Amino acid sequence: MGPELPLVDTVLTVERLTLSFAGLVAIDGLSFSLRAGELLGIIGPNGAGKTSVLNCINGFYHPQSGRIHLGGREITHQPPHVRARLGIGRTFQNIALYPAMSALANIMSGRLIHMRSGVLAGGLYWGPAEREFLRHRARVEEIIDFLEIEAHRNHRVAELPYGIQKKVELGRALAMAPGLLLLDEPMAGMSAEEKADMARYILELREVRGLPMILIEHDMGVIMDLCDRLICMDYGKKIAEGPPQEIQHHADVIRAYLGEDHAVVGGGGRGGGEEA
Amino acid sequence: MSVRPAGDFKTSYARDMALLDIRFHRAGFGLLLLVLGLAPLLLGRYLFLLNAIGIFAVGAIGVSLLTGFAGQISLGHAAFMAVGAYTSWLATTRFGLPFLVALPLSGVAAFVVGAVVGLPSLRIKGLYLAIATLAFQFITEYVIIHTVGGSGGNVVPAPRVGGLQIRGETQFYFLLLPVWLIGGIFAANLIRGRVGLALMAVRDRDYAAQVLGINLLYYKVLAFALAAFYAGIAGSLFAHYNRVISSEHFSIITSIDYIAMIVIGGLTSLWGPHLGAAFVILLSQVLKIVTPAVVALVPAFGKAATSVREIAFGAMLIGLLIWEPGGLAMLLRKFKRYLDLWPFTY
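Observations concerning the overall build of chain B
Secondary structure assignment for chain B yields 15 helices and four strands. Considered along the principal axes of its C-alpha atoms, chain B spans approximately 60 × 55 × 50 Å. By the burial criterion, 48% of the 346 residues in chain B qualify as buried. Partitioning the intrachain contacts of chain B with sequence separation of at least 6 by distance along the chain shows that 76% fall at a separation of at least 24.

What follows is the structure, given as C-alpha cells:
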C-alpha cells in the first residue's frame, strides 16, 4: 500500500493549497490526495498548519490559492454546510458539541442533512415527519450501540466526562454517514484505555465500512500503528510523505521534531511534539 | 440527571419521543384541557385575564422559539405584533375580509417582515443584534404614527366567524382557545423534530452546526420568521379583542414584557411562554389592585407607585436569574421530580 500505486478512486485531491493570515503563511503550496478507504495521518510540530488543512477542506478557511476536489467535484469555493452535505464529516480538536443538548440529540443532529420534512410537516409531526424522524432515530441508535454509549444517551453533553464527549462527537460525525471523515486529534487528553477504544472504532470504520479518513494525532505510537500513509508538515510545508515506517526514519521529520542532532523518533510510545 | 419514573417503560422510539411520554402527563394534560374548556364557568367575570394570557402566550411562544431555542435575541417583538394587528385591521376594514382569513394573513405578513428583519442576524450577534431589532421596533412605531392613524388609535371590528358575531369575553375565549392550543402544540412538535434540532444546534455552537450541514442563514431567518408569525397571530387576536389599536399598544415596553415572560416562564421550556405570560399578566393585575391600596395607606409611597410594575418585574427577573435561571418551568420540573421520587428521595 505504498504511494507508488496508481491513483485509482481518489476521494480527495488538494492541489498547491496556500493559506496565509496577514503575512503569516499557514499552508504553503500543499498538495496531496486521499484514496478510497485510506487512512491518512497528518503529523507535524505545533503550528505546522495541520488543523488549517482540515479547516480548508471543510470550508472554514478560504485558501488564497490552490484547489480542492472531492470525488471529482471542485469544492474550493463551497460554504461549509454545502461541503457537509457533499459528505465531509469532521470532529474538532477542542470538542464542539452542543452542550445544552442530550447526547442523543447531538448525534441526531448529524442526521439533519438526511431529513427532508419541512416546517409545516414538522409542526404537524404526525404522519410523514414522525415516520422519517423515527427512521433516523433507529440509525442513530445503531451508532450509539457501535460507540457503546447507551447509558449516556439522555444526559446533557456538558455533564458527560471528556472521553465520552469525544465519543459523542465521533458519533455525531458518523451520523452524517460521511464519505470522508476528518478527525482532529480524536485521542488528545484521553487515558490509555480510552485511546485503545477510539483506535478500535477508527480501525473498524476503515476495515468494515471502508471509510476514508484524515487523522491528525500527536500520539506517534497510535498514528504509526493506524495509518496507511503519513504526511509530515512543518511551517505549512509538506516535508515528507509515505508509509509510517519510512516517515519514522525520515531525516527531515526527525529534524522538524527534534532539531539537528537527534537520530531517533517515534517507534514505541511518545515521539515528541506531544501536545497537552 | 435523567430521572425516569418507575414502572412506566418505553418500548418504542415513538413512545420515547412522544410529547406527553408517561401516563401521568397524559392524564394531567387531559385535566388541563378540561379546566381550560370549563374556564368561563370557573372564572366568571375574571375570564378577561385568561383572554389576555392566551393572546400574550401565543406571542411569547414566538419569543421562546427565537430566543430560547434558536438563541437570537429580539427587542422588536411588539413590532411584529403590530404588523399582525395592523394587517388584520387593514384586511377587515379596508378589504372587508372575514376574520378567519385576516388571522392567518396577519401571521403571514409578520412572517415575511420577520424574515427580512432576521437577515442581519447572520452577521451581527448578541447585544448588537438586540440593538438592530430595537431599531426595527422604533421604526415600526414611527411608521404607525405617521401613516395609519397617528397615536389616536384605529378601530377594529368585532370578529365574525361564519354568521356569528363574536361579542363578549366568553365567545372570544372560545375563538382564542383553539388558536392558543394549536400554536402551542405546533411549536412543541417543531422543537422535538428536525427544525428544533437545527435551531438548537445553531444556538449552542454555530460553527459546528455548519459542519453538520446546517445553513446558518436559513435557520436564523426561519427562527425570526416563525417568531414573527406567532407575534402576528397574537397581534391580530389582540386587535380584535381590544377593538382599538394604536402605536402605544406595541411599544418597547411590550417587547420587554415579552422578554420578561419567557425568562420568568423558562427560556428553553415548551411551558415557559405560557407560564410566563400567565405570571406577567396576573402580576400586572395584582399590582393594579394593590398599588392604590398601598398608596391610600402610605401616601408617601405615591411617588414610586407609577413605576411599581417595572420595579416588580425588574426585581423578579434579577431574582430568577440568580436563583432559578430555568424559570417557572424549571421549578415545576423540580417539583415533578420530587413527586416522581417521593417518598424515597434517593
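Considerations on the domain arrangement of chain A
Residues and elements named next belong to chain A. Taken domain by domain, chain A consists of domain 1 (1–87 + 179–276) and domain 2 (96–177). Here the C-alpha centroids of domain 1 and domain 2 sit 27 Å apart. Of the residues lining the interface, 20 residues belong to domain 1; the matching set on domain 2 comes to 13 residues. The contact between domain 1 and domain 2 buries some 1,300 Å² in all, and 68% of this surface belongs to carbon and sulfur atoms. Of all residues in domain 1, the largest losses of buried area upon contact with domain 2 belong to Met-198, Tyr-201 and Arg-209, amounting jointly to 33% of the total for that side. One can count one salt bridge joining domain 1 with domain 2. Among the elements of the structure, helix 2 (80–85), strand 7 (180–184) and helix 7 (192–209) are those that each provide at least two residues to the side of domain 1 that touches domain 2.

A word on the pattern of salt bridges
Opposite charge on two side chains permits pairing when their charged atoms draw close. Residue and element names in this part refer to chain A. On inspection of all chains with the given rule, the structure shows 23 salt bridges over all chains. Here Glu-207 and Arg-206 are joined by a salt bridge, their closest N and O atoms 2.7 Å apart. Among the ionic pairs, Asp-252 bridges to Arg-255, the shortest N-O distance being 2.8 Å. Here Arg-255 and Asp-252 lie together in helix 10 (residues 251–258), a separation of three residues that amounts to about one turn. Looking at Asp-252, the relative accessible area reads 31%, which means it is partly exposed. Among the charged side chains, a salt-bridge network with shared partners connects Arg-35, Glu-38, Arg-229, Lys-238 and Glu-241.

Re the packing of aromatic side chains
Scanning the model with the defined rule gives 17 aromatic pairs over all chains in all. For the pair A:Phe21 and A:Tyr61, a centre-to-centre distance of 5.2 Å together with 80 degrees between the ring planes defines the contact as edge-to-face. With A:Phe21 in strand 1 (residues 10–21) and A:Tyr61 in the loop between helix 1 (50–58) and strand 4 (65–70), the pair connects residues that are 40 residues apart, well separated along the chain. Arranged with centres 4.9 Å apart and planes meeting at 90 degrees, the rings of B:Tyr218 and B:Tyr219 form a pair that is edge-to-face. By relative accessible area, which is 42% here, B:Tyr218 ends up partly exposed. Note on B:Tyr219: relative accessible area 6%, which makes it buried. Between A:Arg172 and the ring centre of A:Tyr98, over which it is positioned, the NZ or CZ distance is 4.8 Å.

A look at the interface of chain A and chain B
Of the residues lining the interface, 44 residues belong to chain A; the matching set on chain B comes to 33 residues. For the chain A and chain B pair, buried surface summed over both sides reaches about 3,300 Å², with 66% attributable to carbon and sulfur atoms. Three residues stand out in chain A for area buried against chain B, namely A:Tyr98, A:Leu112 and A:Val119, and they jointly supply 18% of the buried area on that side. The interface formed by chain A and chain B includes zero salt bridges. Where chain A touches chain B, the interface holds four residue pairs in polar contact (both at pLDDT 80 or more). For the side of chain A that touches chain B, the elements supplying multiple residues, two or more each, are helix 2, strand 6 (88–91), helix 3 (103–109), helix 4 (119–124) and helix 5 (128–147) of chain A. With six residues, the single largest contributor to the side of chain A that touches chain B is helix 5 of chain A.

Looking at the pairing of strand 7 of chain A
In summary, the side chains of a regular strand alternate between the two faces of the sheet. Residue and element names in this part refer to chain A. With respect to burial, strand 7 is a largely interior element, five of its five residues being buried. What you see with strand 7 is no split at all: Leu-180, Leu-182 and Asp-184 on one side and Leu-181 and Leu-183 on the other are buried throughout. Relative to strand 7, strand 6 runs parallel, the two sharing four bridges. Paired with Gly-89 across the strands is Leu-181, a residue of strand 7. One ladder, built from four bridges, connects strand 7 with strand 8 (residues 213–216); its direction is parallel. Opposite Asp-184, over in strand 8, you have Ile-216 as the bridge partner. Between the parallel elements strand 7 and strand 8, the chain passes through helix 7 in a crossover that is right-handed.

Considerations on helix 7 (residues 168–192) of chain B
For helix 7 of chain B, spanning 25 residues, the distance from its first C-alpha to its last is 37 Å, which sits close to the expected 36 Å at 1.5 Å a residue. Where helix 7 of chain B bends most, the angle comes to about 25 degrees, and this point is B:Leu176, followed within four residues by the proline B:Pro178.

Brief notes about the sheet that holds strand 6 of chain A
All names here are of chain A. Spatially, the six strands line up as an open sheet ordered 6-7-8-3-9-10, and their pairing is mixed. At either margin of the open sheet sits one strand with a lone partner, and together these are strand 6 and strand 10 (237–242). Between one strand axis and the next, the sheet turns through 20 degrees on average, direction left out of account. This element, helix 1, spans strand 3 (39–43), strand 6, strand 7, strand 8 and strand 9 (229–234) of the sheet and lies at about 150 degrees to strand 7. Here helix 6 (residues 162–175) sits on the sheet and contacts strand 6 and strand 7; the angle it forms with strand 7, its principal contact strand, is near 160 degrees.

Here we look at the sheet that holds strand 2 (residues 24–35) of chain A
Residue and element names in this part refer to chain A. The strand order across the open sheet formed by four strands is 2-1-4-5, and the pairing between neighbours is antiparallel. The strands lining the two open edges of the sheet, one partner per strand, are strand 2 and strand 5 (73–74). Seen against the sheet, helix 1 touches strand 1, strand 2 and strand 4 and runs at an angle of roughly 65 degrees to strand 2.

A word on the nonpolar core
Grouped together as the largest cluster of nonpolar side chains are 147 residues, with contacts concentrated most on A:Val168, A:Leu181, A:Ile202, B:Ile55, B:Met81, B:Ile245 and B:Phe250. The two domains that each donate at least three residues to this core are domain 1 (1–87 + 179–276) and domain 2 (96–177) of chain A. Discounting residues that sit within four places of it in the chain, B:Phe250 has contacts with B:Ala78, B:Met81, B:Ala82, B:Ala85, B:Tyr86, B:Gln137, B:Glu141, B:Phe238 and B:Ile245.

Focus on a nonpolar patch on the surface
Residues and elements named next belong to chain B. Taken together, the side chains of Leu-31, Leu-34, Val-35, Leu-38, Leu-41, Leu-42, Leu-43 and Tyr-46 define a hydrophobic patch exposed on the protein surface, amounting to about 800 Å² of accessible area. Note that Leu-38 resides in helix 2 (residues 23–43). Judged by its relative accessible area of 39%, Leu-38 is partly exposed.

How each quantity is defined
- Residues numbered from 1 in each chain as written.
- Chains lettered and ligands numbered in written order.
- Predicted model: local features only at pLDDT ≥ 70, side-chain atom pairs only at ≥ 80, totals over all residues.
- Heavy atoms only, no water.
- Helix = DSSP H or I, 4+ residues; strand = E, 2+ residues; numbered from the N terminus.
- Buried < 20%, exposed > 50% of the residue type's maximum accessible area, 1.4 Å probe, protein only.
- Contact = heavy atoms within 4.5 Å.
- Domains from an automatic or database assignment.
- Buried area = accessible area lost by both parts, 1.4 Å probe.
- Salt bridge = Lys/Arg side-chain N within 4 Å of Asp/Glu carboxyl O.
- Phe/Tyr/Trp six-rings, centres within 6.5 Å; stacked < 30°, edge-to-face > 60°.
- Lys NZ or Arg CZ within 6 Å of the ring centre and 35° of its normal.
- Polar contact = N/O pair within 3.5 Å; in protein donor to acceptor, adjacent residues only side chain to side chain.
- Pairing = 2+ DSSP bridges.
- Right-handed = clockwise from strand over helix to strand, strands pointing away.
- Expected span 1.5 Å × (residues − 1).
- Bend = angle between axes of the 7 residues up to and from the residue.
- Axes fitted to C-alpha atoms, helices over the stretch in contact; angles between N-to-C directions.
- Core = buried A, V, L, I, M, F, W, Y, C linked by side-chain atoms within 4.5 Å.
- Patch = residues over 30% accessible without salt bridge, like charges linked within 9 Å, V, L, I, M, F, W, Y side chains within 5 Å.
- Areas by Shrake-Rupley, 256 points an atom, 1.4 Å probe, with all protein chains shown as cover.

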